[in-house]
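Given next are the chains, with one letter for each unit.
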Amino acid sequence: MDAGEPQILLTNDDGIDSVGLGALYDELSTVADVTVVAPAEDRSAVGRSISPHVGVSEHELGYVIDGTPADCVVAGLEALVPETDMVVAGCNDGANLGAYVLGRSGTVSAAVEATFFEVPAIAVSMYVPVRDDDKWEPLTEEPESYANATAAARYLAEEAPDAGVFEQADYLNVNAPLAEDGTASASIEITSPSRVYEMGAIKDGDEIELHDRIWEWMADGTIPDPDGTDRRAVVEGRVSVSPLTAPHTTEHHAALDELAATYESRTGDQPQ
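Residues numbered from 1 in each chain as written. Predicted model: local features only at pLDDT ≥ 70, side-chain atom pairs only at ≥ 80, totals over all residues. Heavy atoms only, no water.

Here's the deal with the overall build of the protein
This is how it is decided: Strands here mean DSSP runs of E at least two residues long; helices mean DSSP runs of H or I at least four residues long; both are numbered from the N terminus. Each radius of gyration is computed over the set of C-alpha atoms, and the globule rule expresses the reference value as 2.2 Å times the number of residues to the power 0.38. The cut-offs for exposure are 20% and 50% of the maximum accessible area for each residue type, with area from a 1.4 Å probe on protein chains only; residues under the lower value are buried, those over the upper are exposed, and the others partly exposed. Any two residues whose heavy atoms approach within 4.5 Å at even a single point are treated as in contact. Using the Shrake-Rupley algorithm and a 1.4 Å probe, accessible areas are obtained, with residue cover drawn only from the displayed protein chains. We score Asp and Glu as negative and Lys and Arg as positive, and we do not count His or the chain ends. Think of each charge as sitting on NZ of Lys, CZ of Arg, CG of Asp or CD of Glu.
From N to C terminus, the protein includes nine helices and eleven strands. For the protein, the C-alpha radius of gyration of 20 Å lies close to 19 Å, the compact-globule estimate for 272 residues. By its C-alpha atoms, the protein is 70 × 45 × 40 Å across when sized along the principal axes. For the protein, buried positions account for 47% of its 272 residues. Relative to all contacts within the protein whose residues are 6 or more apart in sequence, the contacts with residues 24 or more apart total 75%. Carbon together with sulfur atoms contributes 47% to the accessible area of the protein, which is approximately 14100 Å² in total. Charge separation in the protein, taken as the distance between the mean sites of 13 positive and 52 negative side-chain charges, equals 12 Å.

Structure below.
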């Protein structure tokens with residue numbers, strides 16, 4: 001390791017053998033010392049699920065964890081790579097766009113987990129503009145397809161800390177369009193997560209089908225999201241970078257103060 005290189009812990013939720021993780025590892029290794037601590041298999045959409053015990057084994061890129069992305073971050077920062085300067089999660093095979101998706105995503109959740117250790121983090125995902133699985137896989141099997149995502153991640157990992165980005169943001173959620181020609185050509189737009197929510201449910205006998213209509217609209221390019229949002233930027237061919245803070249922040253609410261005071265007076269009147 002070069003004494004001047006930062007130490008990056010790289011994880012994901014698609015599993016250690018995913019093409020996206022390998023592509024991101026190669027790109028980040030040009031500017032940092034990278035150690036992978038990733039799940040043994042696909043653990044997509046598990047959010048910040050945590051395990052009391054996880055198995056660990058060595059891998060040519062670092063370590064394999066028999067657990068979730070959040071497990072990987074905790075195990076990595078506490079026991080495996082404690083000298084980590086930054087956590088990067090990805091590159092996810094598929095986008096993580098919209099406010100309602102953030103808590104579901106294992107990729108984003110790994111970045112969130114890092115913020116509780118006060119380690120800056122970047123979640124990186126690639127948008128694949130198709131609906132059908134049989135058309136999806138050929139687009140994600142080549143490392144070059146991730147070029148827009150990996151180039152943006154490398155740039156941000158190298159430049160954002162010294163620029164003071166993480167003095168205001170806890171982590172960055174990066175989503176990039178597929179690099180169909182295998183080269184990084186997309187510009188960066190600073191965005192906020194879209195608040196458009198299009199989940200639906202249809203009851204059919206004793207089953208209910210849950211369906212996210214937004215993905216169909218994205219594939220058609222007919223999304224309702226306003227300018228400045230993550231989804232709008234990616235569909236129009238730009239890399240979306242959303243600076244975010246860890247969840248569950250609080251604000252003072254006078255109305256709740258009043259309710260608390262009213263509750264005290266009411267409980268004092270209750271029979272014992």
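Additional details are given in the paragraphs that follow.
Some thoughts on unusual backbone geometry
Peptide bonds are, in most cases, trans, and in most cases residues other than glycine have a negative phi. The omega torsion across Gly90 and Cys91 is -5°, close enough to zero to call that bond cis. Residues other than glycine seldom take positive phi values, yet Ala45 does so here, at roughly 60°. Take Ala45: it is sitting in the loop between β2 (33-39) and β3 (55-59). The backbone phi angle of Glu118 is positive, close to 60°, even though this residue is not glycine. Position of Glu118 among the secondary structure elements: in the loop between α4 (106-115) and β6 (121-127). Looking at Glu118, the relative accessible area reads 75%, which means it is exposed.

Thoughts on helix α2 (residues 69-80)
Put simply, the test is: How far a helix is expected to stretch is found by multiplying one less than its residue total by 1.5 Å.
For α2, which comprises twelve residues, the first-to-last C-alpha distance of 14 Å sits more than 12% below the rise-based estimate of 16 Å (1.5 Å per residue). Along α2, the positions that sit buried rather than exposed are Pro69, Ala70, Asp71, Cys72, Val73, Ala75, Gly76 and Leu77.

Comments concerning the pairing of strand β4 (residues 62-66)
Under the convention used in this document: For two strands to be treated as a pair, DSSP must find at least two bridges joining them.
Sheet topology note: the β2/β4 ladder contains four bridges and is parallel. Bridge pairing in β4 places Val36 opposite Gly62. Sheet topology note: the β3/β4 ladder contains five bridges and is antiparallel. Residue pairing across strands places Val56 opposite Ile65, the latter belonging to β4. Taken together, β3 and the strand that follows it, β4, pair antiparallel across an intervening segment of two residues.

Comments concerning the side chain of Asn96
Stated precisely, the cut-off is as follows: For the purposes of these results, a polar contact is taken to be a pair of N or O atoms within 3.5 Å, where, inside protein, one atom must be able to donate a hydrogen and its partner to accept one; residues adjacent in sequence count only when each atom of the pair is a side-chain atom.
Along the chain, Asn96 falls in the loop between β5 (86-93) and α3 (99-102). Among the polar contacts made by the side chain of Asn96, one reaches the side chain of Ser105 at a distance of 3.2 Å. A polar side-chain atom of Asn96 sits 2.9 Å from a polar atom in the side chain of Ser125. Here Asn96 is in contact with Val101, Ser105, Thr107, Val108, Ser125, Asn173 and Asn175, once residues within four sequence places are set aside.

Details of the sheet that holds β2
Worth spelling out the cut-off: In this analysis, axes come from line fits to C-alpha atoms, helices being fitted only over the stretch in contact, and the angle between any two N-to-C directions falls in the range 0 to 180 degrees.
Read across the open sheet, the nine strands follow the order β3-β4-β2-β1-β5-β6-β7-β11-β8; overall the sheet is mixed. Bordering the open sheet on either side are β3 and β8 (188-190), each of which pairs with just one other strand. This sheet shows a mean twist of 20° between the axes of neighbouring strands, independent of strand direction. Most of the contacts of helix α1 (residues 19-28) go to β5, to which it runs at about 140°, and overall it touches β1 (7-11), β2, β5 and β6. Helix-sheet contacts for α4 involve β1, β5, β6 and β7 (171-177), and the interaxial angle to β6 is about 170°.

Describing the packing of α1 against helix α6 (residues 147-163)
Put simply, the rule is: Reported orientations rely on four angle classes, namely roughly parallel under 35 degrees, roughly antiparallel over 145, roughly perpendicular from 65 to 115, and oblique for the rest. Throughout, a crossing is termed right-handed when the near helix is turned clockwise from the far one, and left-handed when it is turned anticlockwise from it by less than a right angle. Charged residues are taken to be Asp, Glu, Lys and Arg, nonpolar residues to be Ala, Val, Leu, Ile, Met, Phe, Trp, Tyr, Cys and Pro, and polar residues to be all remaining types, Gly included.
Their axes nearest at 9 Å, the elements α1 and α6 cross at an angle of 40°. On the basis of the axis angle, α1 is oblique to α6. In terms of crossing hand, the pair formed by α1 and α6 is right-handed. Together, Ala23, Leu24, Glu27 and Leu28 of α1 and Thr150, Ala151, Ala153, Arg154 and Ala157 of α6 make up the contact between the two elements. Considered class by class, the residues forming the contact of α1 with α6 number six nonpolar, one polar and two charged.

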